[in-house]
Amino acid sequence: MPIASTRRFSPRVKAALIGAMIVALAIATWLIPPHAVVLHNILHHLNILPLMLAGMIFGWRGALKALVLATVLQSPSIYRHWHRMPVDAQDQVVELSTFGAAGVIAGIVADRERMQRLRVEATKLELERVYTELSANIQQMKKTERLTAAGQLAASLAHEIRNPLASISGAAGILARGQAPVASREECLDILMKESLRLNKLLTNFLDFARPRLPRFQRTEPVSVIQSVAVLTQHVATRQNVELRQQIPLKLREIDCDPEQIKQVLLNLILNAVQATEEHGTVVIRSMLERDRLCVEVVDEGHGIPSEDLERIFDPFFTTKENGTGLGLAIAANIIAQHGGALTCRPNTDRRMGMVFRVELPFERPPVSSFESKPERADLS
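Residues numbered from 1 in each chain as written. Predicted model: local features only at pLDDT ≥ 70, side-chain atom pairs only at ≥ 80, totals over all residues. Heavy atoms only, no water.

Peer 1: Tell me about the overall build of the chain, residues and numbers included.
Peer 2: The helix and strand inventory of the chain stands at 9 helices and 7 strands. Scored against the burial criterion, the 381 residues of the chain give a buried share of 39%. Of the contacts formed within the chain by residues at least 6 apart in sequence, a portion of 74% connects residues at least 24 apart. (Helix = DSSP H or I, 4+ residues; strand = E, 2+ residues; numbered from the N terminus. Buried < 20%, exposed > 50% of the residue type's maximum accessible area, 1.4 Å probe, protein only. Contact = heavy atoms within 4.5 Å.)

Peer 1: Go over the packing of aromatic side chains with me, naming the residues and quoting the values.
Peer 2: How two aromatic rings sit relative to each other is given by the distance of their centres and the angle of their planes. A complete count under the given rule lists 0 aromatic pairs for this structure. Stacked on the ring of Phe363, the Lys or Arg Arg253 has its end atom at 4.3 Å from the ring centre. (Phe/Tyr/Trp six-rings, centres within 6.5 Å; stacked < 30°, edge-to-face > 60°. Lys NZ or Arg CZ within 6 Å of the ring centre and 35° of its normal.)

Peer 1: Give me the nonpolar core: which residues, what numbers.
Peer 2: For soluble globular proteins, nonpolar side chains are generally found buried alongside one another. Counting 42 residues, the largest nonpolar core has Leu244, Leu269, Leu343 and Phe357 as the members making the most contacts within it. Put simply, the parts of the chain that give this core at least two residues each are helix 7 (222-239), strand 3 (255-257), helix 8 (259-276), strand 4 (282-290), strand 5 (293-299), helix 9 (328-338), strand 6 (342-347) and strand 7 (355-362). Counting 13 residues, the second largest nonpolar core, distinct from the first, contains Ile18, Ile22, Leu53 and Ala70. (Core = buried A, V, L, I, M, F, W, Y, C linked by side-chain atoms within 4.5 Å.)

Peer 1: So, the sheet that holds strand 5: which residues are in play, and what are the values?
Peer 2: Pairing within the open sheet is mixed, and its 5 strands lie in the order 2-4-5-7-6. Each of the sheet's edge strands pairs with one partner strand only, and the pair in question is strand 2 (243-247) and strand 6. Geometrically, the sheet is characterised by an average inter-axis angle of 15° between neighbouring strands, direction not taken into account. Bridge count for strand 5 against strand 7 is 7 bridges, and the pairing is antiparallel. Of the residues in strand 7, the one forming a bridge with Val299 is Val356. Across the sheet, helix 9 touches strand 6 and strand 7, and the angle it forms with strand 6 is around 130°. (Pairing = 2+ DSSP bridges. Axes fitted to C-alpha atoms, helices over the stretch in contact; angles between N-to-C directions.)

Peer 1: Requested: an account of the packing of helix 3 (residues 37-46) against helix 4 (residues 48-84), with residues and values cited.
Peer 2: Where helix 3 contacts helix 4, the two axes come as close as 10 Å, and the packing angle between them is 150°. As summarised for this structure, helix 3 and helix 4 are arranged roughly antiparallel, according to the angle between their axes. Two secondary-structure elements touch here, helix 3 through His40, His45 and Leu46 and helix 4 through Ile48, Leu49, Pro50 and His81. Considered class by class, the residues forming the contact of helix 3 with helix 4 number 4 nonpolar, 3 polar and no charged. (Parallel < 35°, antiparallel > 145°, perpendicular 65-115°, else oblique. Nonpolar A, V, L, I, M, F, W, Y, C, P; charged D, E, K, R; others polar.)

Peer 1: Please provide a residue-by-residue account of the pattern of salt bridges, values included.
Peer 2: Following the criterion strictly, the structure yields 18 salt bridges and no others. Of the charged contacts, one joins Glu113 and Arg117 as a salt bridge, the two residues approaching to 2.7 Å between their closest N and O atoms. Of this pair, Glu113 and Arg117 are both found in helix 5 (residues 86-177), 4 residues apart, which corresponds to roughly one turn of the helix. One salt bridge in this structure joins Arg253 and Asp292, with 3.1 Å as the shortest N-O distance. Of the two residues, Arg253 sits in the loop between strand 2 and strand 3 while Asp292 sits in the loop between strand 4 and strand 5, which places them 39 residues apart along the sequence. What you see here is one network of salt bridges that share partners, running through Arg286, Glu290, Arg293, Glu297, Arg346, Arg358 and Glu360. (Salt bridge = Lys/Arg side-chain N within 4 Å of Asp/Glu carboxyl O.)

Peer 1: Tell me about the side chain of Thr233, and name the residues and values.
Peer 2: Topologically, Thr233 is positioned in helix 7. A relative accessible area of 0% means that Thr233 is categorised as buried. In this structure the side chain of Thr233 is engaged in a polar contact, spanning 3.2 Å, whose partner is the backbone oxygen of Ala230. In contact with Thr233, not counting residues within four places along its chain, are Leu244, Leu267, Ile270 and Leu271. (Polar contact = N/O pair within 3.5 Å; in protein donor to acceptor, adjacent residues only side chain to side chain.)

Peer 1: Could you give an account of the confidence of the model for the chain, with specific residues and numbers?
Peer 2: Across the chain, the average pLDDT comes to 80, with 85% of residues at 70 or higher. For the chain, helix 1 (residues 3-6) is the element with the lowest average pLDDT, namely 46, and strand 5 is the one with the highest, namely 93. (pLDDT = per-residue confidence, 0-100.)

Peer 1: Kindly report on helix 9, identifying the contributing residues and their values.
Peer 2: Within helix 9, 10 of the 11 residues are buried, leaving the element largely enclosed by the surrounding structure. For helix 9, the complete set of buried residues consists of Leu329, Ala330, Ile331, Ala332, Ala333, Asn334, Ile335, Ile336, Ala337 and Gln338. The first or second residue beyond helix 9 is Gly340, which carries a positive phi of 75°.

Peer 1: Go over unusual backbone geometry, please, and point to the residues and values.
Peer 2: Non-glycine residue Asn241 carries a positive phi angle of around 55°. Tracing the backbone shows Asn241 in the loop between helix 7 and strand 2. The backbone phi angle of His280 is positive, close to 65°, even though this residue is not glycine. By relative accessible area, which is 70% here, His280 ends up exposed.

Peer 1: Give me the environment of Ile57: which residues, what numbers.
Peer 2: Within the element layout of this structure, Ile57 appears in helix 4. Ile57 sits 43 residues away from Lys14 along the chain, and the two C-alpha atoms are 8.3 Å apart.

Peer 1: Quick one: what's the story with the packing of helix 8 against helix 9, residue by residue and with numbers?
Peer 2: Direction vectors running N to C along helix 8 and helix 9 enclose 145°, while the axes themselves pass 10 Å from each other. Crossing hand, helix 8 versus helix 9: left-handed. Side by side, helix 8 and helix 9 meet where Gln261, Ile262, Gln264, Val265, Asn268, Leu269 and Asn272 of the first sit next to Gly328, Leu329, Ile331, Ala332, Ile335, Ile336 and Gln338 of the second. Of the residues belonging to the contact of helix 8 with helix 9, the class tally is 8 nonpolar, 6 polar and no charged. (Left-handed = near helix turned anticlockwise from the far one by under 90°.)

Right, here's the structure in full:
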């Protein structure tokens, strides 16, 4: 009986079936006449079945018990044949011993395999338990991290709003008194307009950062995206006497991305580079393939970023610009992270001045879990 087919039965039923086989073989050996040598030889060989089954199902102890039972039940036949058919009796003893030893060996192997399986199952259960706990801890950490980030953003936003509100409050107070000259009233109105626009821009950028939309992926030809952004920024570069140079292949492999979001990222990086570069400087936009990823670099010739600030440039509300909101790079880093890529920066070592911002994008759409990835930090090399 195959082992697989016995797994549906209880251990008692299996033991009863093996015992029945041993009893049946013993009875058949006793009932068949001693001169029927061929039939006795067949019965002797059939003893291997219950002994091996006992070893494979119940281990070496089961095989030993089955051997003892078979020996006890077949002893009368062995004793009777010892004087009439001594060769047959000797064969029966040898075969019982040999098959019993084989059953015991099979039982030892089965016990080891069973213990190994139990250890594997125990390890699997432990790993599942650890994985469940780890997943719960990660979710709790993410929740805590989101709450901490929300608190930091709220504090930073309150700090950023304070200055425009103070200016608006001061201008409104002057207008409320109604005794200011015409020039002062116009100046106050100008302050109200500018600071209101500044607040609107700040809050818009904050909402874009705090509630970013998921990318709408589609097959996109990257060269057209990069060139379209370069055209949009060309007039700004021309106005500041900055040369905008492109080092882009004529054709690049298509990628899965949200072209509007990638344009937003590149537009932010190129405008930052143009604003950081002094007159008659150069901003280079170059793209290449590396490690089966699309890489786009924006290189400027500005004054660079101090090494102590490199770790913070992707943090919300951190800015080195006088009128900057500090959310542009944070939003760009989030967008690239949702695409399964990386946004990094490093000093421009080729010119010993300026910075290199590097965007790396995979060609295929990333898994959904990567949408919660954190943006890469600055590369200090």
